[in-house]
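Survey of secondary and tertiary structure
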Amino acid sequence: MTGQRDVVVLGGGLAGVACARRLGDEGIGVTLVDRNDYHQFQPLLYQVATAQLPAEDIARPHRVIFRDHPTVEVRTARVTELDVAGLGLTLADGAKLSGSHLVIAAGAQPEFFGVPGAAEHAFPLYSVADAVRLRRHVQDLVRAVADKELGQDALDIVVVGGGPTGVEITGALTELMAALASTDHIPHAGRIFLIDRGSALLGAFSHRSHEYAHKRLTDHGAEPRLDTGVAAVHADRVELDDGTAIPTRTVIWGGGESAAPVVQAAPGLEPGRGGRVDVLPDLTVKGHPDVYAIGDAANIPVRHGKTLPQLGSVAQQSGEWAAANILRRRAGQPAKPFHYKDKGIMAMIGRNAAVAEVGKHRHQIDGPLAFAAWLGVHAMLLSGVHSKVDAFLSWAWDYFERDHAATVEWSARPHRIVWSDDDADHPHISLGRS
Ligand SMILES: Cc1cc2nc3c(=O)[nH]c(=O)nc-3n(C[C@H](O)[C@H](O)[C@H](O)COP(=O)(O)OP(=O)(O)OC[C@H]3O[C@@H](n4cnc5c(N)ncnc54)[C@H](O)[C@@H]3O)c2cc1C
């Protein structure tokens, strides 16, 4: 089957959804293709991985998101090939779609940098399926340790990568272990190691944030190992490049990402840094004025040869901007260079602990104020996919302030984000690779 609509969007993450919504607001025909029938909100993945939220609470069906946008058609299918010259793509069943514009918003995948054993044995944290797999794995280990089938050290975990993902999951895991130990689930907390090649945690942040994150994590029992690389990952241990090894059954990979495979393999697209598409300032691909690449799939230039980081607000804003440029071109006007409204960078390190560097001059804040900044930015991101953002705000304040030890709902039901009672609002999450 071959179909032609106005705009074809590959990817229903923050970037693709923002683009399709904006076009749908103007009544433009859009076909949005995603292999999942739901959008997944990555900033809350580690809450799913540590059993503080069920997977359904951070995923929303695309058909519900576009309920009020009749000109946006959602196709659930895997895209096997991009046709940049023909403004189209091929689906796994061989069907081809093309349009007047093609928007590439396929996001990223974990990048293992060729570390032997990492792809086979490490747990990435990029999708809700990844988060659920990790949660089940740790739950099984907790049960086995509680039943004395395995020794206490079976709960030792190695996190690779000291960026926001690694720091956030390490913070959540140390709290989880302490809480499990305090409620007598396990004799004492598993050790949490955090490995990074760099000499500071949260490398992209300021010195003050490096120190804050380091102190907060070590105060809670985490064991950062800096200036250290991972040489190999095995089912029962991690080998480090200083010649030592850490016995572990759980390696969590927050060590990097590269563009989705279908983007890296696209004929006619020369992959740039991280396999991403180097775009022009107006977000189009050089030589293809009707092809846009946005979000995590793109290297979006700023100045002095630098590109924007892979962040939710970059994805959302670039999606909206690409849509606005498509509307401009349809009206016979020239496309405009993307202007990013920088919200700053932030990381939530645990309950009552966050760092944020906000505004043009990267004003540094930490603690509850930083958490409030985190909340504001993430509520804004979620507003693109949910109408009841107050439900998120009330969950988040409760999460931030609650005494974790009293509320480890490891086997019971976690405290939910009360999005909706509507069954149609619940996604069907398959645990295949997604
Ligand atoms: C663990 C984690 C925590 C994060 N925390 C934060 C945070 O706190 N704050 C922040 O600002 N950012 C955070 N980020 C980054 C942020 O989530 C991303 O920058 C943003 O979600 C990227 O959006 P996107 O739309 O470009 O890609 P994605 O959200 O990855 O969407 C891409 C979509 O394309 C689909 N797709 C890919 N290939 C195919 C194919 N071949 N066929 C069909 N469909 C396909 C995928 O299924 C997916 O739905 C975090 C990221 C991770 C992984």
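Residues numbered from 1 in each chain as written. Predicted model: local features only at pLDDT ≥ 70, side-chain atom pairs only at ≥ 80, totals over all residues. Heavy atoms only, no water.

1. Re the overall build of the protein chain
Defined as follows: Put simply, DSSP marks the helices as runs of H or I at least four residues long and the strands as runs of E at least two long, and each gets a number from the N terminus on. A simple rule labels every residue: compare its accessible area, found with a 1.4 Å probe on the protein chains alone, to the largest value its type can have, and call it buried under 20%, exposed over 50%, or partly exposed in between. Per-residue and other accessible areas follow the Shrake-Rupley method at a 1.4 Å probe size, with only the shown protein chains counted as cover for residues. Think of it this way: Lys and Arg go in the positive column, Asp and Glu in the negative one, and His and the chain ends go nowhere. Just so you know, the charge point we use is NZ for Lys, CZ for Arg, CG for Asp and CD for Glu.
Within the protein chain, the regular secondary structure consists of eleven helices and 25 strands. Split into buried and exposed, the 434 residues of the protein chain put 56% on the buried side. Here the protein chain displays about 18300 Å² of accessible surface, and carbon together with sulfur accounts for 51% of that area. Side-chain charges in the protein chain split into 42 positive and 51 negative, and the spacing between the mean points of these groups amounts to 4 Å.

2. Re the sheet that holds strand 25 (residues 363-366)
Our working rule: If DSSP finds at least two bridges between two strands, the strands pair. Inter-axis angles, ranging from 0 to 180 degrees, are taken between N-to-C directions of lines fitted to C-alpha atoms, where helices are fitted over the stretch in contact.
Taken in spatial order, the three strands make up an open sheet running 23-24-25, and their pairing is antiparallel. With partners counted over all chains shown, the strands left at the sheet margins are strand 23 (345-350) and strand 25, one partner each. Strand-to-strand twist across the sheet, computed as the mean angle between neighbouring axes with direction ignored, equals 10°.

3. Points about the sheet that holds strand 15 (residues 237-240)
Taken in spatial order, the three strands make up an open sheet running 14-15-16, and their pairing is antiparallel. Edge positions in the sheet fall to strand 14 (230-233) and strand 16 (245-247), since each has one partner strand and no second. Ignoring strand direction, the axes of neighbouring strands in this sheet form an average angle of 20°. Pairing of strand 14 with strand 15 involves three bridges; the strand directions are antiparallel. Bridge pairing in strand 15 links Val230 to Leu240.

4. Structural notes on the packing of helix 1 (residues 14-25) against helix 9 (residues 312-330)
The cut-off we apply is this: Each crossing is labelled by how the near helix is turned from the far one, with a counterclockwise turn of less than a right angle marking it left-handed and a clockwise turn marking it right-handed. We call two residues in contact whenever any of their non-hydrogen atoms come within 4.5 Å of each other. Classes in brief: Ala, Val, Leu, Ile, Met, Phe, Trp, Tyr, Cys and Pro nonpolar; Asp, Glu, Lys and Arg charged; the others, Gly included, polar.
With their axes 7 Å apart at the nearest point, helix 1 and helix 9 run at an angle of 35° to one another. The handedness of the crossing between helix 1 and helix 9 comes out as right-handed. Taking contact as the criterion, the partners of Leu14, Ala15, Ala18, Cys19, Arg22 and Leu23 in helix 1 are, on helix 9, Gly312, Ala315, Gln316, Gly319, Glu320, Ala322, Ala323, Ile326 and Leu327. For the contact of helix 1 with helix 9, the per-class residue count stands at ten nonpolar, three polar and two charged.

5. Some details on the nonpolar core
Keep this limit in mind: Put simply, buried Ala, Val, Leu, Ile, Met, Phe, Trp, Tyr and Cys residues joined by side-chain atoms within 4.5 Å make one nonpolar core. An automatic or database domain assignment is the source of the domain bounds shown.
Of all hydrophobic cores here, the largest spans 128 residues; its most connected members are Leu23, Leu44, Leu82, Leu89, Val263 and Phe392. At nine residues, helix 10 (residues 368-382) tops the list of elements feeding residues into this core. Taken domain by domain, this core gets at least three of its residues from each of domain 1 (2-35 + 77-110 + 257-330) and domain 2 (118-255 + 344-424). Residue contacts for Leu44: discarding those within four places in its chain leaves Leu53, Ile58, Trp374, Phe392, Trp395 and Ile417. By size, the runner-up hydrophobic cluster in this structure holds 15 residues, among which are Val115, Val230, Val233 and Ile246.

6. Re the site of the ligand
What counts, and what does not: One heavy atom suffices: a residue is near a molecule or strand as soon as one of its heavy atoms comes within 4 Å of it. Here a polar contact is taken to be a pair of N or O atoms separated by no more than 3.5 Å, where protein atoms must pair a possible hydrogen donor with a possible acceptor and residues adjacent in sequence count only if both atoms sit in side chains.
The full set close to the ligand counts 30 residues, and Asp34, Gln42, Val79, Asp296 and Gly312 are the nearest of them. Between the ligand and the protein, one listed contact pairs an oxygen atom with a backbone N or O atom of Ala106 at 3.5 Å. For the ligand, an oxygen atom lies 3.4 Å from a polar atom in the backbone of Leu311. Residue assignment for the shell around the ligand shows that the elements contributing at least two residues are helix 1 and helix 9. Considering every element that reaches the shell around the ligand, the biggest residue donor is helix 9, with three residues. Residue composition of the shell around the ligand, grouped by class: 14 nonpolar, twelve polar and four charged. Two domains each put at least three residues into the shell around the ligand: domain 1 (2-35 + 77-110 + 257-330) and domain 2 (118-255 + 344-424).

7. Structural notes on the domain arrangement of the protein chain
In many analyses, interface size is given as the accessible surface area lost on bringing the parts together. Which entries qualify depends on this criterion: Put simply, buried area is how much 1.4 Å-probe accessible surface two parts lose in total, over both of them, once they are put together. One speaks of a salt bridge when a side-chain nitrogen belonging to Lys or Arg is within 4 Å of a carboxyl oxygen belonging to Asp or Glu.
Its domain assignment divides the protein chain into domain 1 (2-35 + 77-110 + 257-330) and domain 2 (118-255 + 344-424). When each unit is reduced to the centre of its C-alpha atoms, the spacing between domain 1 and domain 2 is 30 Å. In this assembly, twelve residues from domain 1 lie in contact with eight residues from domain 2. In this assembly, domain 1 packs against domain 2 so that about 810 Å² is buried in total across both faces, 62% of it on carbon and sulfur atoms. Where domain 1 touches domain 2, the interface holds zero salt bridges. In this assembly, domain 1 and domain 2 are joined by four residue pairs in polar contact (both at pLDDT 80 or more). The set of elements that each furnish at least two residues to the side of domain 1 that touches domain 2 consists of helix 1, strand 9 (108-110) and helix 9. Its residues placed into classes, the side of domain 1 that touches domain 2 shows five nonpolar, four polar and three charged.

8. A word on the environment of Val314
When you line up the elements, Val314 lands in helix 9. When the C-alpha atoms of Val314 and Leu14 are compared, they prove to be 9.2 Å apart, with 300 residues separating the residues in sequence. Filtering out sequence-adjacent residues up to four positions away, Val314 remains in contact with Ile300, Leu308, Pro309, Phe338 and Tyr340.

9. Digging into the UniProt feature "domain: FAD/NAD(P)-binding" (unreviewed entry) in the protein chain
As a reminder of what qualifies: UniProt positions are given in the numbering used here, feature names are shortened, and annotations may be inferred rather than shown by experiment.
Here the UniProt feature "domain: FAD/NAD(P)-binding" (unreviewed entry) sits at residues 6-319. Measuring from the first to the last C-alpha atom of residues 6-319 gives 16 Å, for a span that is 28% helix and 27% strand.

10. Brief notes about the environment of Ile169
Positionally, Ile169 belongs in helix 6 (residues 164-182). Residue classification places Ile169 among the buried residues on the basis of a relative accessible area of 1%. Considering only alpha carbons, one finds Ile169 and Ile365, 196 residues apart in sequence, at a separation of 21 Å. Setting aside residues no more than four positions away along its own chain, Ile169 makes contact with Tyr46, Ala49, Thr50, Leu125, Val159 and Ile252.

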